[in-house]
Amino acid sequence: MPAYTYADGPQLQALIADHSLAGVILFASATERADTVAGLAAAAQAGVGERGWPALISIDQEGGRVARLTDGIVELPAFMAAGAAQDKSLVRGVYAAQGRDLAALGITVDFAPVADVTIGLADPIIRSRSAGDQPDAVAGTAVAAMLGYVDAAVVPAIKHFPGHGSVTTDSHDALPVQSATLDALEQRDLVPFRRAVAVGAPVVMMSHIAVQAWGGEPASLDPDAYTYLRDELGFTGVAVTDALNMGAITQSRGPGQASVEALAAGADLLLMPTSTDAALEAIVAAVEQGTLSRERLDEAAARVILLARWQAGLVPAAPTVTGDYARALASSGATVAAADCAAPFVTSPVSISGGWSADREALAAGLAAHGIAIGEGGTSIWISGTDDRAGSADVVVAMDGPWGLSGSSARVYAAVYGRGESALAGLA
């Protein structure tokens, strides 16, 4: 499953047809417009011909800072908002609503939700992409979102096994090493994955994290990681690698070697090798030379084909959340701490500082809908635009990660985990 970054439908159709690809993941120019996405999805499906199973059209659409598609779809806050929301039936309904919007554009797979348990600011890449730092709570949130996608007939992919939230190296750049014991991982990082598999996760994404307890190879290339996933957790679905163009892999392996190693280790679907042609040539050569068994290749292909056919047969469930579902999630997930919890927390007029101008304007518009004017002499609101920045005002708002609140000074502390218009309307 290579990345496709162009708005050229005929080229994508030919790529799928010529290489008999499992499908494609859309990025960059391919995701700038909703009509482009829909056209590319149709072109990819045309490229499969009469092989008997559809292409998997995928996207990386978590919400928050990882949202490839912004046109024609509501902008969700980061997944931590779902973790903060107490009503997990609402969470399921929200992600079903997002899934319906994706499905309307021809998307059949979303590489979400994140099941990682974050350690906070020492975690360089997951942070508010995680539902939180409590394993059981993260598990419940990840399962709710996973089931929501299935309700919308979209395949969810639980990621990043065995957990990227507790390592301090970003696998986009280099190889993270997980030194915790397996017992420790089973009490923390692995809890959400065990729960998701038990409920029927159709896809699990393998991270490029070297777990010392499994021998120190990236999990995506480590037979012990796949054995644990299959035999210990009982997973029977599709195991997909994280993107094979990430630094954790490319620093030590070319696209051919990485692809063959991943398949031999137990991967079923190869995501974004740096060269599709090199990956395919290496796989064919490895099978011909006997270093990769035909049986392993057939097993991987069979699982992917079954997944594609299963998805094609899904029937969307009746909606339980309609309208501006991002606002509903932001409102439900907003975290507020105050000495006096009796709302309202602001009086007209309000002055807004911090953040970006678009953030201030969106919050002002949201407050105006409730009759709150902008001006001097009333409540002061300060917006933190980063995960860790602290400030001082009557009300301090953390829009991304909430960690800056601990160093801030205010009467009211609020975290909303997102900076889109819907999230700020929900905050208001």
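See the structure above.
Model, not experiment: these values are computed from the prediction. Note that residues are indexed from 1 along each chain, following the sequence as it is written. Only residues with pLDDT of 70 or above have their local features reported here, since the model is predicted, and side-chain atom pairs are shown and tallied only from 80 upward, although totals for entire chains, interfaces and linings are computed over all residues. The side-chain quantities take in all heavy atoms of the structure and omit both hydrogens and water.

S.K.: Mind showing me how you'd approach the pattern of salt bridges here?
M.R.: A pair is scored as a salt bridge if a Lys or Arg side-chain nitrogen falls within 4 Å of a carboxyl oxygen belonging to Asp or Glu. The full count for this structure, using the stated rule, is 22 salt bridges. When the shortest N-O distance is used, the salt bridge between Asp-189 and Arg-188 registers 2.3 Å. With a relative accessible area of 0%, Asp-189 lands in the buried category. Exposure is judged per residue with a 1.4 Å probe applied to protein chains only, and the accessible area is read against the type maximum: over 50% gives exposed, under 20% gives buried, and values in between give partly exposed. Note on Arg-188: relative accessible area 27%, which makes it partly exposed. Here Arg-419 ties to Asp-400 by a salt bridge, and the two come within 2.7 Å at their closest N and O atoms. Separated by 19 residues along the polypeptide, Arg-419 in the loop between strand E17 (412-415) and helix H15 (421-427) and Asp-400 in the loop between strand E16 (395-398) and E17 bring together distant segments of the chain. Overall, the relative accessible area of 25% leaves Arg-419 in the partly exposed class. A relative accessible area of 14% means that Asp-400 is categorised as buried. Helix numbers and strand numbers start at the N terminus; a helix is a DSSP run of H or I with at least 4 residues, a strand a run of E with at least 2.

S.K.: How do you make sense of helix H14 (residues 357-368) when you look at a structure like this?
M.R.: The span you would expect from a helix comes to 1.5 Å times its residue count less one. Here H14 is twelve residues long and its end C-alpha atoms lie 16 Å apart, about the 16 Å a rise of 1.5 Å per residue gives. For H14, the complete set of buried residues consists of Asp-359, Ala-362, Leu-363, Ala-364, Gly-366 and Leu-367.

S.K.: I keep staring at the sheet that holds strand E6 (residues 109-110) and nothing clicks. Help me out?
M.R.: Consider a sheet: its strands pair through backbone hydrogen bonds, and that pairing is either parallel or antiparallel. Pairing in this open sheet of five strands is parallel, and the strands run E1-E2-E3-E6-E7 from one edge to the other. The open sheet has two edge strands with one neighbour each: strand E1 (3-4) and strand E7 (155-156). A pair of strands is treated as paired once DSSP finds two or more bridges between them. By the bridge criterion, two bridges tie E1 to strand E2 (residues 23-26) in an arrangement that is parallel. Across the sheet, residue Tyr-4 finds its bridge partner in E2, namely Leu-26. In this analysis, two residues are considered to be in contact whenever any of their non-hydrogen atoms come within 4.5 Å of each other. Each axis is a line fitted through C-alpha atoms, and for a helix only the stretch in contact is used; angles between axes span 0 to 180 degrees, taken between their N-to-C directions. Sheet contacts for helix H2 (residues 34-47): E1, E2 and strand E3 (56-59); angle to E3, the most-contacted strand, approximately 150°.

S.K.: It is not clear to me how the packing of helix H5 (residues 135-151) against helix H7 (residues 191-199) should be interpreted in this structure. Could you clarify?
M.R.: For any two helices packed against each other, the geometry is given by the interaxial angle and the distance between the axes. Interaxial distance between H5 and H7 falls to 8 Å at its minimum, and their mutual angle equals 35°. Two packed elements cross with a definite hand, and for H5 against H7 that hand is right-handed. Counted together, Pro-135, Asp-136, Val-138, Ala-139, Gly-140, Val-143, Met-146 and Leu-147 of H5 and Val-191, Pro-192, Arg-195, Ala-196 and Val-199 of H7 form the full contact between these two elements. If you view the pair so one helix is near and one far, a crossing is left-handed when the near helix is turned anticlockwise from the far one by less than a right angle, and right-handed when it is turned clockwise.

S.K.: Mind showing me how you'd approach unusual backbone geometry here?
M.R.: Phi is mostly negative for residues that are not glycine, and the peptide bonds are mostly trans. The step from Ala-112 to Pro-113 runs through a cis peptide bond, and the omega angle for that step is 5°. One can find Pro-113 in the loop between E6 and H5. For the bond running from Ala-343 to Pro-344, omega is 5°, close enough to zero to count as cis. As for its position among the elements, Pro-344 is in the loop between strand E13 (335-338) and strand E14 (350-354). Of note in the backbone geometry, Ala-28 takes a positive phi value of approximately 55° without being a glycine.

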